[in-house]
Amino acid sequence: MQLELAVLDWIQLHLRCELLDWLMPFVSGLSNHGEVWILFAALLLLIRRQRVYGLSAACALTLDLIACNIILKPLIDRLRPFVFRPNLSLLVSPPGDASFPSGHTAAAFAMVFALKTAGSPLWWPALALATVTAFSRLYLYVHWPTDVLGGVLLGAAVGWAGAKLAKVLLKKPTQD
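Residues numbered from 1 in each chain as written. Predicted model: local features only at pLDDT ≥ 70, side-chain atom pairs only at ≥ 80, totals over all residues. Heavy atoms only, no water.

1. As for the packing of helix α5 (residues 103-118) against helix α7 (residues 145-170)
Packing of α5 against α7 brings their axes to within 6 Å, and their N-to-C directions diverge by 35°. At the point where α5 passes α7, the crossing takes the right-handed sense. Within the contact between the two elements, α5 uses T105, A106, F109, A110, F113, A114, T117 and A118 and α7 uses V148, G151, V152, L154, G155, A156, V158, G159, W160, A163 and K164. For the contact of α5 with α7, the residue count by class is 13 nonpolar, 5 polar and 1 charged. (Axes fitted to C-alpha atoms, helices over the stretch in contact; angles between N-to-C directions. Helix = DSSP H or I, 4+ residues; strand = E, 2+ residues; numbered from the N terminus. Left-handed = near helix turned anticlockwise from the far one by under 90°. Contact = heavy atoms within 4.5 Å. Nonpolar A, V, L, I, M, F, W, Y, C, P; charged D, E, K, R; others polar.)

Okay, structure coming up:
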């Protein structure tokens, strides 16, 4: 825990600036309830040639919701880092749920890995936003580095599984 606090404190001491104080809450807010990723999946579902990617993303986000928010967060029930720095001025409202894994990060990387596994080139821009989202959670002092790492790993697993599930769901039954 001390090493993780040191990483978060280093970010606050060396990277904190006016631009990032504005940008990081904005980037993080895009994913507060998975909004940007849900909207992205919905748009892909509406475009005929992109539906397989949209279904992959929707399956991945659903698996992420179940694994992260319904199972892991309540089970592990980890305190957030800002609790250990009561004098820290947070740039966002303190989240009320448990810390591990980072749900913002897990949803973002679920989208990345669903798109990559399904073969969409859109995984590249998703990766860029996912990476900035993950960093924002550290910058804002609302997640431990291992929470973010756990979110990346969970996102990778459910993203891959979501794409595989979508492939199964899209198979047409064979007629004998």
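2. Section: the packing of helix α2 (residues 18-30) against helix α6 (residues 123-139)
Between α2 and α6, the least distance of the axes is 9 Å, while the angle of their chain directions is 115°. Here α2 and α6 pass one another in a crossing that is left-handed. Residues L20, D21, M24, V27, S28 and L30 of α2 form the contact with α6, whose own contacting residues are L129, V132, T133, F135, S136, R137 and Y139. Along the lines of polarity and charge, the residues of the contact of α2 with α6 split into 8 nonpolar, 3 polar and 2 charged.

3. Notes on the packing of aromatic side chains
Applying the stated rule across the entire model yields 4 aromatic pairs. Between W22 and F26 the ring centres are 5.8 Å apart and the planes differ by 5°, which places this aromatic pair in the stacked class. Within this pair, W22 and its partner F26 are both found in helix α2, separated by 4 residues, close to a single helical turn. Look at F26 and you get partly exposed, because its relative accessible area is 45%. (Phe/Tyr/Trp six-rings, centres within 6.5 Å; stacked < 30°, edge-to-face > 60°. Buried < 20%, exposed > 50% of the residue type's maximum accessible area, 1.4 Å probe, protein only.)

4. Digging into the nonpolar core
W37, M111 and L115 are the most contacted members of the largest nonpolar core, which totals 29 residues. Among the secondary structure elements, those contributing two or more residues to this core are α1 (2-14), α2, α3 (35-46), α4 (51-76), α5 and α6. Residues within four places of L115 in sequence aside, it is in contact with F40, L44, Y53, S120, L122, W123 and A126. If you look at the next biggest cluster of nonpolar residues, it comprises 8 residues, including C68, A106, A110 and A114. (Core = buried A, V, L, I, M, F, W, Y, C linked by side-chain atoms within 4.5 Å.)

5. Examining the environment of E18
As for its placement among the helices and strands, E18 is situated in helix α2. Linking E18 and V168, residues 150 residues apart in sequence, is a C-alpha distance of 48 Å.

6. So, the environment of L91
For L91, the position within the fold is in the loop between α4 and α5. On the basis of relative accessible area, L91 is assigned to the partly exposed category, the value being 30%. When sequence neighbours within four positions are dropped, the list of residues in contact with L91 reads R16, D21, P25, Y139 and L140.

7. Describing a nonpolar patch on the surface
A surface patch of nonpolar side chains, about 570 Å² in accessible area, is lined by L65, I66, I70, I71, L75 and I76. Looking at the element boundaries, L65 is found in helix α4. Overall, L65 belongs to the partly exposed group, its relative accessible area being 45%. (Patch = residues over 30% accessible without salt bridge, like charges linked within 9 Å, V, L, I, M, F, W, Y side chains within 5 Å. Areas by Shrake-Rupley, 256 points an atom, 1.4 Å probe, with all protein chains shown as cover. Salt bridge = Lys/Arg side-chain N within 4 Å of Asp/Glu carboxyl O.)

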